[in-house]
Amino acid sequence: MTTMSKREAELKRKFTKALHAAAPKFVVQLFASNGSPDRAITGNGVTSMWEFKHAVPRFISPGNQALTCTRLAAQGHCRYVIWLSDGHHEATLIVHPRHVLKGQRDARLLDYEYAFAGFGPENLVAYVLGVHGT
């Protein structure tokens with residue numbers, strides 16, 4: 001069995017850097033409290049919340065975090081970004097928190113709203129900018 005290391009912090013840094021380059025006036029807030037999503041992004045009159053996970057292919061999201069993200073999604077825009085590594089392929093998934101709240105921890109089995117191949121931040125930045133109407 002091959003073990004893959006999680007690269008979540010690196011992938012978040014690359015995304016944030018690419019977002020700042022594409023939308024320098026957007027405000028990105030980082031949250032470190034247990035149960036909160038990782039980022040709030042504000043720009044173009046819209047605030048969205050994002051929780052990031054690197055799944056290899058499983059991931060952990062504490063129940064209180066999935067519940068908070070589901071509640072935020074009911075009142076605004078909150079999504080999970082799941083970078084999926086299964087040993088053969090890499091993909092970026094955009095997932096509504098209600099699917100994570102159901103307890104699914106294998107990203108290969110999740111229902112997702114959108115997906116693209118690889119971990120390049122450009123597609124994710126374009127998706128986020130679309131959420132913000134730009």
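Thresholds, definitions, all that
Residues numbered from 1 in each chain as written. Predicted model: local features only at pLDDT ≥ 70, side-chain atom pairs only at ≥ 80, totals over all residues. Heavy atoms only, no water. Salt bridge = Lys/Arg side-chain N within 4 Å of Asp/Glu carboxyl O. Helix = DSSP H or I, 4+ residues; strand = E, 2+ residues; numbered from the N terminus. Buried < 20%, exposed > 50% of the residue type's maximum accessible area, 1.4 Å probe, protein only. Pairing = 2+ DSSP bridges. Axes fitted to C-alpha atoms, helices over the stretch in contact; angles between N-to-C directions. Core = buried A, V, L, I, M, F, W, Y, C linked by side-chain atoms within 4.5 Å. Contact = heavy atoms within 4.5 Å.

Let us now look at the pattern of salt bridges. Enumeration according to the criterion identifies 8 salt bridges in this entry. Across the pair R7 and E90 runs a salt bridge whose closest N-O atoms are separated by 3.4 Å. Taken together, the residues R7 in the segment before α1 (8-22) and E90 in strand β5 (residues 90-95) connect sequence positions 83 residues apart. Under the relative-accessibility criterion, E90 is labelled partly exposed at 37%. Between R79 and E113 there is a salt bridge, with its nearest N and O atoms 2.9 Å apart. Placement of the pair is R79 in strand β4 (residues 77-85) and E113 in the loop between α3 (97-101) and β6 (114-117), with a sequence separation of 34 residues. Among the charged side chains, a salt-bridge network with shared partners connects R7, E10, K14 and E90.

Here H54 shows up in strand β3 (residues 46-55). You can call H54 buried: its relative accessible area is 1%.

Bringing the sheet that holds β4 into the picture now. Here 6 strands make up an open sheet; going across it, the order is β1-β2-β3-β4-β5-β6 and the pairing mixed. Each having just a single partner strand, β1 (27-30) and β6 make up the two edges of the open sheet. Within the sheet, the average angular offset between the axes of one strand and its neighbour, ignoring direction, is 20 degrees. When β5 meets β6, the two strands line up antiparallel, connected through 4 bridges. Looking across to β6, one finds that L93 is bridged to A115.

The subject of this paragraph is the nonpolar core. The biggest cluster of nonpolar side chains holds 19 residues, and the ones touching the most others in it are F15, L19, I41, W50 and L124. Counting residues per element, the ones that place at least two in this core are α1, β3, β4 and α4 (121-131). Counting residues per element, this core draws most heavily on α4, at 5 residues. Apart from residues no more than four positions distant in its own chain, I41 is found in contact with F15, L19, F26, V27, V28, V46, T47, S48, W50, V128 and H132.

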